[in-house]
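Chain and residue survey
One-letter residues, chain by chain:
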Amino acid sequence: ADQLLVDGEYIGDIIRRTYHRGAIDCPAGCYVAATGFPKPIEARFSGGITVSGYPIRRPYVLLTNRHYPQKRFDLAIRAIAEVRKQHPRVQLVIAGAPTTYTTSLRSLVSELHLEDAVVFVGATSDEELALLYEGAAVYVYPAPEEDFGMGVIEAMAKGVPVVAWNQAGPTVTVAPGTGYLAEPLDVSDYADAIDKLLENPTANQAMGERAFAWARRFDWERHIDVLERTVLDVARAHEQMGMEAATARAI
């Protein structure tokens, strides 16, 4: 290939080291509104909403991702079991179409007696998903080996602070002051980070404001700008090569 685009700095550095060639960072983009996020504290820490027929209490912790074993939803569920010791009414809301992995997750929820604490809302419409994002107090991303992690920036684009592992893609997407990066696979440390974001709504709101500003680094327009610029550069280079070849043949 004349040029190589990679989905962000983390995976890009791995590819550059492995294949000993240059690459351009072109992380996936999300839509970031001009203003309006995070929502006011009361819209994220009091009352409730209903999604797909499921009543959800605020504040809630949100998890959105494909229901695959490598996403490690089980770690988030175990963390919520610890969080409930300090915040007995908080719920973990899990969106996404169910798979065979979801069955094992439901078994874990029953084993830990968390039926009231974990809500599986299933597949949602875009409107419902946006409602879940903007109303969340915390967004969690428990996948430990993700090269990027789209849900992280989708949450930050709604002004919601993130808890992820200090490993892989989130080390690039979660900046200082926009969330917490827990010690990899340390469920207690992960739960402590969630606790911090739940116990102080004012501090949470400030972190959400920083997350919203940071999300602009990953907005859709920037993604398209990098992609367009790269395609045009390659096209111009090929055009120049063609002109030089034509001149050489004429001579």
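The shown structure was predicted, so the numbers you read here are calculated from the model rather than taken from an experiment.

Conventions and cut-offs
Residues numbered from 1 in each chain as written. Predicted model: local features only at pLDDT ≥ 70, side-chain atom pairs only at ≥ 80, totals over all residues. Heavy atoms only, no water. Helix = DSSP H or I, 4+ residues; strand = E, 2+ residues; numbered from the N terminus. Buried < 20%, exposed > 50% of the residue type's maximum accessible area, 1.4 Å probe, protein only. Contact = heavy atoms within 4.5 Å. Core = buried A, V, L, I, M, F, W, Y, C linked by side-chain atoms within 4.5 Å. Axes fitted to C-alpha atoms, helices over the stretch in contact; angles between N-to-C directions. Parallel < 35°, antiparallel > 145°, perpendicular 65-115°, else oblique. Left-handed = near helix turned anticlockwise from the far one by under 90°. Nonpolar A, V, L, I, M, F, W, Y, C, P; charged D, E, K, R; others polar.

Locating Gly 179 in the fold gives a position in strand E10 (residues 179–182). Its relative accessible area of 11% is what places Gly 179 among the buried residues. Taking the C-alpha atoms as reference, Gly 179 lies 27 Å from Ile 15; in sequence the two are 164 residues apart. Dropping the residues within four chain positions of it, Gly 179 is found in contact with Pro 161, Val 162, Val 174 and Met 207.

For the rest of this paragraph, the subject is the environment of Ala 23. As for its position among the elements, Ala 23 is in the loop between helix H1 (9–19) and strand E2 (24–25). Relative accessible area serves as the criterion here: at 16%, Ala 23 is assigned to the buried category. Counting along the chain gives 206 residues from Ala 23 to Arg 229, while the straight-line C-alpha distance between them is 14 Å. Filtering out sequence-adjacent residues up to four positions away, Ala 23 remains in contact with Gln 3, Leu 4, Val 6 and Arg 16.

Membership of the largest hydrophobic core comes to 35 residues, with the highest contact counts inside it found for Ile 77, Leu 92, Val 118, Val 140 and Ile 194. Counting only elements with at least two residues in this core, the list comes to strand E5 (60–64), helix H3 (73–83), strand E6 (91–95), helix H4 (100–111), strand E7 (118–122), strand E8 (138–141), strand E9 (162–165) and helix H8 (187–199). When near neighbours in sequence (up to four residues on either side) are disregarded, Ile 194 contacts Val 61, Ala 79, Val 83, Val 138, Val 140 and Val 163.

Geometry of a packed helix pair, given as the angle between the helix axes and the separation of the axes. Taken N-terminus to C-terminus, the directions of H3 and H4 make an angle of 15°; their axes are 10 Å apart at the nearest point. The angle between H3 and H4 falls in the class roughly parallel. Crossing of H3 against H4: the hand is right-handed. Contact with H3, carried on its side by Phe 73, Asp 74, Ile 77 and Arg 78, involves Tyr 101, Leu 105, Leu 108 and Val 109 of H4 and no other residues of that element. In terms of residue class, the contact of H3 with H4 is built from 6 nonpolar, no polar and 2 charged.

Note that all results are geometric; they support no functional claim without further evidence.
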